[in-house]
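# Coordinates in review
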Amino acid sequence: MDQSYFEQEQETGFTSMQAFKGLLPLLRPHRWRLLRNLLLLAAATALSIMGPVLLKRAIDVNIKGKDTNGLLTTVVIYAALQLIFLVASYWQRIHLEILGQDVIMKLKQRCFDHIIGLSVSFFDRNPVGRLLSRVESDGESLRMLFTSTVVMLVGDVILIVGMLSVMFYVNWRLTLVVLAFAPFIIVLMYFYQRFTNPRFLEIRKRMADIIATITEYLQGMSIVQIFNRQKLAQERLNEANRKKYEMDVATSIANTTFFNFVFFFERLTIAAVILFGAQYVAGSTATTGMLVMFITYIQRFFEPIHRASEQLYVVQRAISGARRIFALLSNREMISESTQPVKWHSFEKSIVFDNVGLSYVGDGNFAIRDVSFEIRKGQKVALVGVTGGGKSTLINLLLRFYDPTEGRVLVDGIDTRDIATEDLRSKFGLVLQDIFLFPGNVKDNITLEHEGVSEEALRSTARLVAADRFIEKMPKKYETVVSERGGNLSRGERQLLSFARAMVFNPQVLLLDEATSSVDPHTEKRIQVALKRLLTGRTSLIIAHRLSTILDADLILVIREGRIIERGTHSELLAQQGYFEKLFRLQFQEHGKAKVHDVA
Amino acid sequence: MMWRKFKYLMSGYANYKLMLAWLILGTPIFALIVMVQPLVLKYVFDIIDHGSGELPQSLRFLQDFVASYGLSPTTGAAVILVMFAAAILVIYLVLQNSRAWMNVRLEWFYRQRAFNASTEMGPDFFNHFRTGDLVTRMTDDVAEKLSWFACSGIFRFYEALCLVVFGLILMFGLNVKLTLYSVLPMPVLVIIFIKTATLLDKRFERLQGKISDLNSSMESCFSGIRVITAYNRRNLWSKKFAGIIGDRRSAEISVARAWAGIESLYMYLWQFGFVIVLIIGGAMVIKNSVSIGELIAFTNYVVWLIFPMFDIGQFLVKGRQSAVSIGRLMEIEDFPPMVRNGNHKPMNIKFGAIRFDNVSFAYDQKGRKVLDSVNFAVTKGQTVALVGKVGSGKSTIIHLLTRVADPSEGMVYLDNVPLKELPLDSYRDIIGFVPQEPILFSDTIEGNIRFGDKSIADDRVNQVVKLSQLDSQMERFPQGLKTMIGTRGLTISGGEKQRVAIARALVRNPQILILDDCTSALDARTEERLWDALHEVMPEMTCFVVTHRTKTLRLADKILLFDEGKVIDRGTHDELMTRSVAYQELYSRSELQEAVGAA
């Protein structure tokens, strides 16, 4: 389903003219192809104009002249010309299509590359749907400029000018008769577009409303039924339906009316040509064949007029799409890379948070404040606290998904902002709560398609985290495709896969946000075993939800409302009988009794 | 099956019998007028060419009409042409606009019909069909496929048949031999159209698949951007994107080729027909067996018969697609609606007591019992707290109380009448329910509270706004209660949503109030004040509360402690604290949670 039936007109900061100018550079690399194509279009158009001329000849010369052979010749030439025209026109259309595809493909690639280079904060603020419509839907509306507008501008103009020229050459008086009707058509077109354009946009909005209404009432149907409000839901949709209907009817009627009037004027023109033409024939200044030729040309005006009448809409949509795309491309919301980055070869000593504070939105609301602590190499540091306390923020800062608003984060004494992000991030292994699996197979999800991982390394990592057992049981083992969002794997299996992913590059520091969901005891056991192996001898920062994790942590930081309120080892904190003690009993006990496992 | 689908399609016309009759009767008449037009051209060109021409018998009156104004034959012919042009303008304005209007009305009708059916469906329906799928059926299938076909598709086909039939008849009337040669390509065109339409469809589907791939690839990339960034995989994804977009490009071009190829083929075949008419007709003119006017009329007929071929082909192709769409829409209606057993006459229920008598519930026959032989009784005015671990059966009690489900064994009684036998709507009118996750709709705040009931007094609405602690939020809402919330309106916080949901349940003065752990998103102070207010009004109703709030537990008239589907203990807080270890543990956990400030 189209994700974006309607995109809110946002303030983009780009005018239509700027957007239009911005499009021209896209065409530059292809200018010779475009020129060749347009020349071919012109040539094909010229060919098609010859047809009615031959028709005139067939009637006036061959038929009148009782020359059957001559007629045959003329008709054969006509047929041949048509064939050439069709072939040329087919070729031209395909190549224009390919050209359009190439231009837009490049643009979409640019958009995509730009988007993924933006910082995490951008993604937190922009729903995925909006990004998709920027790349896909707006890109497509630009492509229409090629398939429709270009053809119209060049092909149709040449066609109309060409036909008029031939007509003028053959009989200027009759041509004037034809031209007399042109103003009517132009006026009609103008009013048609003015009337329908805003309504087309409105129809899309109302369709979006219908989709939104259907979706929200279907999703909330249980409440609707419990409150006995089915009638209300039905009325709401009825109203949304009615509004779209009104707009649809207006545009449909405008549409058929416009085109029928164009037809009508076409016939009026033909009648006028016949009226005057008959006199000219009688006065020998015109022939029957001439009249037939004129009538044939007049009938050919219909298609270009049809195309022209759509253009305003196509161009408008393309321009507004372009405005949004350029607004996106000018977005510089990126984590700043230092211009002279310091090399951080290897993690040697410690990670220090020095009075760090972060306000995500910059409005004075701090997610964390006055956070200072040190993780020494080889230490296991656990973060505990209730949801939303600020623990994930620390991981965000270490990986430079965000930069601190106050204070600094130092690794081996170097401010993380001075290190190249790629350099920094390569030292960490990350396991998030939401285990993100990508389309692809098991191997791809573990190695993230990195080519430098040998089969041996892959398997030994899987063994290390005890994932190999279930992978080996799968139909295609490491080549087994993971279904969307990991649907064909259990929760525990997904967790083990994410461990494997973190470990396959042997990171120096492990960042782990433990999943809160409960799994069956058997799987839990396997996860704990895997975790133990992961953490042995490795520096780690863990947002802890497991008892086993905090028991042997070298340092536990208790976070509440963005601040560290207590710190120490497990036994030290329990002795303090403060917040941690309550938290411990609440989160890490089961059934009111402390279960201190010896995890094998 | 086909018959059923046909009936479904025709149901759209039930209220538009006049329009249907008009389209059926009018179309042939119009088609005839359109097809007579080339004969006027014949007439006029015959006059131009050799001075005299003839209109068919039935149209002679037109000749006389223009002659009576003293117009020369050619001028008169031009005038007749104009008259025909005007007539055709009016005809098509009326005919096409009728069809366009009907198309849109049908879209409205079918969509409303499918939606209304879904409002009567139970939870098993919504488990079976994903929301996105239902939305697609009610939009795509209805609009893109069905409603256009149901009117324009059918009647353009009908018009096409009439045009072809009348055209052929008139052409035969002019010259049999030439007619036969002219119409040679016609059937071929239809066959080609059908065959190539399938090819086009296939390529188009492939393209849709690639677009879908592109979208889901981007979607997973953007959703997983943290992982991609943390693992420095951006370059990889850039390359992947290039590959996918390249695939899509190939699919687009392959569709373009098919489309352009079909159009060219079509055009060429038609030109071929035209050429044949020109040669053979021309030769016949040379031999004087056909007049120039007749030749010109024939060339016009050939042109006029092309589009009907297209419409005939379209009808067959789109007809198939529409049949599929109708099938998908009928699937919605064929699904068994929610169970409504019991008499249907609405009644005023004055409730006194509820009794669960040996109630058990399982999701299917062999499934585990989610509730196992539950017995309890509640009298009017009592506040009953339901406590227990996740999955212990509390939510199922709620389902049974709201009659979203019926017991598998045992019975729920309302004043000694089985709940099953009471009219569903009347029962639901006396309950007020607040779910765990508040579900609100795009409407004003007041609209959400009233939930469609205009008969509730404004005073009452204001009362519950105060009760549910919404009045303290009023400054957040620019238009007060008339502020729009939801997708097009203001985004309100989880806590605010919960309060609106509570107001909504309270405003209709329910006799039974059912609250399912509904204050989790509120901060401690607001929660405190809310419950204080609620506790004031709760004695007026019979309340079932799923909660772990210590204060609420202490105030409850009766607490039911659930474990694995059974009520393992019951009593007041004090009673349970003395004798139930399980309750003690639960209560101390709740105290801990409140101390720690956990949600």
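See above for the structure.
Residues numbered from 1 in each chain as written. Chains lettered and ligands numbered in written order. Predicted model: local features only at pLDDT ≥ 70, side-chain atom pairs only at ≥ 80, totals over all residues. Heavy atoms only, no water.

### Here we look at the overall build of chain B
Scanning chain B from N- to C-terminus turns up 20 helices and 12 strands. On C-alpha atoms alone, chain B measures out to a radius of gyration of 37 Å, which is more than a quarter above the 25 Å that the 2.2 N^0.38 rule sets for 599 residues. For chain B, the spread of C-alpha atoms along the three principal axes comes to 120 × 65 × 55 Å. When the 599 residues of chain B are sorted by exposure, 56% land in the buried category. Considering only contacts within chain B whose residues lie at least 6 apart along the sequence, 74% involve residues at least 24 apart. Accessible surface computed for chain B: about 25800 Å², of which carbon and sulfur atoms make up 58%. Here chain B contributes 66 positively and 59 negatively charged side chains, and the mean placements of these two sets differ by 6 Å. (Helix = DSSP H or I, 4+ residues; strand = E, 2+ residues; numbered from the N terminus. Rg over C-alpha atoms; globule rule 2.2 N^0.38 Å. Buried < 20%, exposed > 50% of the residue type's maximum accessible area, 1.4 Å probe, protein only. Contact = heavy atoms within 4.5 Å. Areas by Shrake-Rupley, 256 points an atom, 1.4 Å probe, with all protein chains shown as cover. Lys, Arg positive; Asp, Glu negative; His and termini not counted. Charge placed at Lys NZ, Arg CZ, Asp CG, Glu CD.)

### A closer look at the interface of chain B and chain A
Each partner contributes residues to the interface: chain B has 129 residues there, and chain A has 128 residues. In this assembly, chain B packs against chain A so that about 12000 Å² is buried in total across both faces, 68% of it on carbon and sulfur atoms. The largest contributions to the chain B side of the interface with chain A come from F222(B), R226(B) and Y231(B), which together make up 7% of the buried area. In this assembly, chain B and chain A are joined by 11 salt bridges. Between R143(A) and E252(B) there is a salt bridge, with its nearest N and O atoms 3.4 Å apart. (Buried area = accessible area lost by both parts, 1.4 Å probe. Salt bridge = Lys/Arg side-chain N within 4 Å of Asp/Glu carboxyl O.)

### Considerations on the pairing of strand β9 (residues 512-516) of chain B
All names here are of chain B. Taking burial as the measure, the five residues of β9 include five buried ones, the bulk of the element. A two-sided burial pattern is seen for β9, the buried positions comprising I512, I514 and D516 on one face and L513 and L515 on the other. Bridging between strand β6 (residues 431-434) and β9 involves four bridges; their strand directions are parallel. Within β9, the position partnered with I431 by the bridge is I512. Sheet topology note: the β9/strand β10 (residues 542-546) ladder contains five bridges and is parallel. Its bridge partner being in β10, L515 is matched across the sheet by V545. Chirality of the crossover, the property in question, places the unit of β9, helix α17 (residues 524-537) and β10 among those that are right-handed. (Pairing = 2+ DSSP bridges. Right-handed = clockwise from strand over helix to strand, strands pointing away.)

### Quick notes on the packing of helix α1 (residues 2-11) of chain B against helix α11 (residues 292-334) of chain B
Residue and element names in this part refer to chain B. Where α1 contacts α11, the axes come no closer than 10 Å and their chain directions differ by 85°. With respect to α11, the axis of α1 lies roughly perpendicular. Seen from α1, the contacting residues are M2, R4, K5, Y8 and L9; seen from α11, they are A323, I326, G327, L329, M330, E333 and D334. Residue classes in the contact of α1 with α11 are distributed as seven nonpolar, one polar and four charged. (Axes fitted to C-alpha atoms, helices over the stretch in contact; angles between N-to-C directions. Parallel < 35°, antiparallel > 145°, perpendicular 65-115°, else oblique. Nonpolar A, V, L, I, M, F, W, Y, C, P; charged D, E, K, R; others polar.)

### Things to note about helix α16 (residues 494-507) of chain B
Residues separated by three or four positions in an α-helix point in the same direction, a consequence of the helix having 3.6 residues per turn. The terminal C-alpha atoms of α16(B) lie 20 Å apart, and with 14 residues this matches the ideal 20 Å at 1.5 Å per residue to within 8%. Taken across its 14 residues, α16(B) has 12 buried, putting it largely inside the fold. Along α16(B), the residues that are buried comprise G495(B), E496(B), Q498(B), R499(B), V500(B), A501(B), I502(B), A503(B), R504(B), A505(B), L506(B) and V507(B). Turning to α16(B), the residues buried within the fold contact α8 (221-226) of chain A together with β6, α14 (445-450), α15 (458-467), β9 and α17 of chain B. Two residues or fewer past α16(B), N509(B) is found with a positive phi of approximately 50°. (Expected span 1.5 Å × (residues − 1).)

### Regarding the pattern of salt bridges
Taken as a whole, this structure holds 69 salt bridges over all chains when the rule is applied. The partner of D423(A) in a salt bridge is K343(A), and the shortest N-O contact between them spans 3.9 Å. Taken together, the residues D423(A) in helix α13 (residues 421-425) and K343(A) in the loop between α11 (302-329) and β1 (350-358) connect sequence positions 80 residues apart. In this structure, R403(B) engages D406(B) in a salt bridge whose closest nitrogen and oxygen atoms are separated by 3.3 Å. What you see here is one network of salt bridges that share partners, running through E97(A), K108(A), E136(A), E140(A), R143(A), R248(B) and E252(B).

### Thoughts on the environment of N215(B)
Relative to the assigned elements, N215(B) resides in helix α8 (residues 185-223). You can call N215(B) buried: its relative accessible area is 15%. Put simply, N215(B) and M267(B) are 52 residues apart on the chain and 36 Å apart in space, counted from C-alpha to C-alpha. Apart from the residues lying within four places of it in its own chain, the contact partners of N215(B) are L132(A) and E136(A).

### A closer look at the packing of aromatic side chains
Aromatic rings considered in pairs are described by the distance between their centres and by the relative angle of their planes. Enumeration over the complete set of coordinates arrives at 43 aromatic pairs over all chains. Taken together, a centroid distance of 5.0 Å and an interplanar angle of 85° make the contact between F125(B) and F126(B) edge-to-face. By relative accessible area, F125(B) is classed as buried at 0%. F126(B) sits in the partly exposed class, given a relative accessible area of 21%. Taken together, the aromatic side chains of F112(A), F122(A), F123(A), F222(B) and F241(B) make up a single cluster linked through ring pairs. R105(B) extends its terminal NZ or CZ atom over the ring of Y245(A), reaching a point 4.7 Å from the ring centre. The aromatic ring of F227(A) is capped on one face by R504(B), whose charged end is 5.2 Å from the ring centroid. (Phe/Tyr/Trp six-rings, centres within 6.5 Å; stacked < 30°, edge-to-face > 60°. Lys NZ or Arg CZ within 6 Å of the ring centre and 35° of its normal.)

### Structural notes on the sheet that holds strand β1 (residues 353-362) of chain B
Residues and elements named next belong to chain B. The antiparallel open sheet is built from four strands, whose spatial order is β2-β1-β4-β5. Two strands close off the open sheet at either side, each with one partner strand: β2 (369-379) and β5 (417-418). In terms of strand pairing, β1 meets β2 through seven bridges, oriented antiparallel. Looking at β2, one finds that R355 is bridged to A377.

### So, the nonpolar core
If you look at the biggest cluster of nonpolar residues, it comprises 230 residues, and the most contacted ones within it are F45(B) and F356(B). Top element by residues in this core is helix α9 (residues 230-282) of chain A. It accounts for 19 residues. Residues contacting F356(B), with those up to four places away along its chain left out, are V374(B), N375(B), F376(B), I397(B), L400(B), L401(B), M411(B) and V412(B). (Core = buried A, V, L, I, M, F, W, Y, C linked by side-chain atoms within 4.5 Å.)

### A closer look at the sheet that holds strand β10 (residues 539-543) of chain A
Residues and elements named next belong to chain A. Overall, mixed pairing links the six strands, which are arranged β6-β9-β10-β3-β11-β12 in an open sheet. Two strands bound the open sheet, and with one partner strand each, they are β6 (428-431) and β12 (563-568). With direction set aside, neighbouring strand axes in the sheet form an average angle of 15°. Sheet topology note: the strand β11 (residues 555-560)/β12 ladder contains five bridges and is antiparallel. Looking at the pairing, L557 lines up with R567 of β12. Sitting on the sheet, helix α12 (residues 391-398) touches β3 (380-384), β6, β9 (509-513), β10 and β11, and the angle it makes with β10 is about 145°. Strands β3, β9 and β10 of the sheet are contacted by helix α18 (residues 521-535), whose axis makes an angle of about 150° with β9.

The analysis is restricted to geometry; functional conclusions fall outside its scope.
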